[in-house]
Amino acid sequence: MAEKSAPISEEIQLVIFKIGDEEFGVNIHQVKEIVRLVPITPIPRAPKFIEGVVNLRGQILAVMDLAKRLELPSRPRSEKTRIIVVEVEDNTVGMIVDEVTEVLRLPLEKIEKTPQIVESEIEQKYIKGVGKLDERLLIIIDLANILSLEEKEEIKKIEEEKSNEKI
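A brief look at the structure comes next. Owing to the predicted nature of the structure, the values given are computational and were not obtained by experimental measurement.

With respect to unusual backbone geometry
Positive phi is not limited to glycine here, since Arg 57 has a value of about 50°. Tracing the backbone shows Arg 57 in the loop between β4 (50–56) and β5 (59–65). Phi is positive for Glu 71, which is not a glycine, with a value near 60°. With relative accessibility at 59%, the residue Glu 71 sits in the exposed group.

Remarks on the packing of aromatic side chains
Inspection of every chain in the model, using the stated rule, returns one aromatic pair. Ring centres of Phe 17 and Phe 24 lie 5.8 Å apart, and the angle between their planes is 15°; on these two criteria the pair is classed as stacked. Classification of Phe 17 by relative accessible area gives buried; the value is 0%. Directly above the aromatic system of Phe 49 lies the positively charged group of Arg 69, at a separation of 4.3 Å from the ring centroid.

Some words on the sheet that holds strand β7 (residues 91–97)
Pairing is mixed in the open sheet, where five strands are placed in the order β3-β6-β7-β5-β4. Both outer strands of the open sheet, β3 (31–36) and β4, are each paired with one neighbouring strand and no more. This sheet shows a mean twist of 30° between the axes of neighbouring strands, independent of strand direction. Two strands pair when backbone bridges link them, and β3 and strand β6 (residues 82–88) are joined in this way by five bridges, in the antiparallel orientation. Along β6, the bridge assignment pairs Val 35 with Ile 83. Sitting on the sheet, helix α3 (residues 149–164) touches β4, β5, β6 and β7, and the angle it makes with β5 is about 140°.

Thresholds applied
Residues numbered from 1 in each chain as written. Predicted model: local features only at pLDDT ≥ 70, side-chain atom pairs only at ≥ 80, totals over all residues. Heavy atoms only, no water. Helix = DSSP H or I, 4+ residues; strand = E, 2+ residues; numbered from the N terminus. Buried < 20%, exposed > 50% of the residue type's maximum accessible area, 1.4 Å probe, protein only. Phe/Tyr/Trp six-rings, centres within 6.5 Å; stacked < 30°, edge-to-face > 60°. Lys NZ or Arg CZ within 6 Å of the ring centre and 35° of its normal. Pairing = 2+ DSSP bridges. Axes fitted to C-alpha atoms, helices over the stretch in contact; angles between N-to-C directions. Contact = heavy atoms within 4.5 Å.

Here it is, written out as structure tokens:
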């Protein structure tokens, strides 16, 4: 007797994190790892949202404060603060977030186009859409557009310079 299979719903798996009181999500395929906050070495004349660089198991990695990048208020750093290490095209970069809360699957039909009001507060190019999950709204970030081409080149240059320095 053949069993009826349920229709397959397309979904996306997201890493959910907070900046201030807002919840955001990024595609799990772009996340390499999530690490505790480690000491960050500041870089002179870096863009204002770049906190500096860290040595992550021998790899020099530029770290950005995602709250500053998105022009949002953030909480003071705490035990919950994390660095999400992401792959943005050919760049690996760390993003400081207030807290990583969960990994979840969200059906694509629960994601809506970014509302006009949100577009005015956060640059639209950073946002893929808004996910609806019960009473929660998740702002889904498009990591491919979080950095401009010039910023990506600057980050690569910073990482290369720090990697080549003699300690």
